[in-house]
Amino acid sequence: MDDDNQRIIADADSQLIGKLDQILTLLGNGHWSKHFQTVRQELTGAETWEQKHTAASRIRSVYGGMGSFNDWYVDGDVDGVDFDDLRTQLYELSRTYERPEVARALLENEGLA
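Cut-off values and rules
- Residues numbered from 1 in each chain as written.
- Predicted model: local features only at pLDDT ≥ 70, side-chain atom pairs only at ≥ 80, totals over all residues.
- Heavy atoms only, no water.
- Core = buried A, V, L, I, M, F, W, Y, C linked by side-chain atoms within 4.5 Å.
- Buried < 20%, exposed > 50% of the residue type's maximum accessible area, 1.4 Å probe, protein only.
- Helix = DSSP H or I, 4+ residues; strand = E, 2+ residues; numbered from the N terminus.
- Contact = heavy atoms within 4.5 Å.
- Phe/Tyr/Trp six-rings, centres within 6.5 Å; stacked < 30°, edge-to-face > 60°.
- Lys NZ or Arg CZ within 6 Å of the ring centre and 35° of its normal.
- Axes fitted to C-alpha atoms, helices over the stretch in contact; angles between N-to-C directions.
- Parallel < 35°, antiparallel > 145°, perpendicular 65-115°, else oblique.
- Left-handed = near helix turned anticlockwise from the far one by under 90°.
- Nonpolar A, V, L, I, M, F, W, Y, C, P; charged D, E, K, R; others polar.

S.K.: What should I look at first to understand the nonpolar core in this one?
M.R.: When a protein is soluble and globular, its nonpolar side chains tend to lie buried together. Grouped together as the largest cluster of nonpolar side chains are 30 residues, with contacts concentrated most on Phe36 and Phe69. Listed by contribution, the elements that provide at least two residues to this core are α1 (3–27), α2 (31–45), α3 (49–60), α4 (83–93) and α5 (100–109). In terms of residue count, the dominant contributor to this core is α1 (10 residues). Apart from residues no more than four positions distant in its own chain, Phe36 is found in contact with Leu20, Ile23, Leu24, Leu27, Ile59, Val62, Phe69 and Leu90.

Rendered as structure tokens:
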């Protein structure tokens, strides 16, 4: 694996998993916590672009509509960032594996690009 690709992938993984950890800190136990713990496990176990992309897509799948994650409220913050901001940042980072440089690095490592 090329060093640049390894760095790009590690950075992408770290950012998304770090944001999931922050969200999980605030959620405690419950429905949303279980969902995001599952996604986190899928991401940490994923080896291919497809697996990472699918797991990250599961994050976005719970946003939108009545009773969705973006309707959920938690009073608190992690590292000075409030829950609403964390939720927005998580959504944006869920597109990590769609970024061209990340996708290219992962696909090159799989011999597909």
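Moving on, there is more to tell.
S.K.: In this structure, what is going on with the packing of aromatic side chains? I would like to understand it.
M.R.: Any two aromatic rings considered together are summarised by their centre-to-centre distance and by the angle between their planes. Within the structure shown, the criterion is met by 5 aromatic pairs. Taken together, the aromatic side chains of Trp32, Phe36, Tyr63, Phe69, Phe83 and Tyr91 make up a single cluster linked through ring pairs. In this structure, Arg87 is placed above the aromatic ring of Phe69, and the distance from its NZ or CZ to the ring centre is 5.8 Å.

S.K.: Just to check I follow, could you spell out the environment of Ile8 for this structure?
M.R.: Within the element layout of this structure, Ile8 appears in helix α1. Taking relative accessible area as the criterion, Ile8 reaches 17% and is therefore assigned buried. In this structure the C-alpha to C-alpha distance between Ile8 and Val78, which are 70 residues apart in sequence, comes to 25 Å. What Ile8 contacts, discounting residues up to four positions off in sequence, is Glu101, Val102 and Ala105.

S.K.: When you look at the packing of α1 against α5 in this model, what are you seeing that I'm missing?
M.R.: When two helices pack together, their arrangement is captured by the angle between the axes and the distance separating the axes. For the pair α1 and α5, the least separation of the axes is 9 Å and the interaxial angle reads 120°. Considered as vectors, α1 and α5 are oriented oblique to each other. Considering how the two elements wind past one another, α1 and α5 form a crossing that is left-handed. Note on element contacts: α5 touches α1 through Glu101, Val102, Ala105, Leu106, Glu108 and Asn109, opposite Asn5, Ile8, Ile9 and Ala12. For the contact of α1 with α5, the class distribution of residues is 6 nonpolar, 2 polar and 2 charged.

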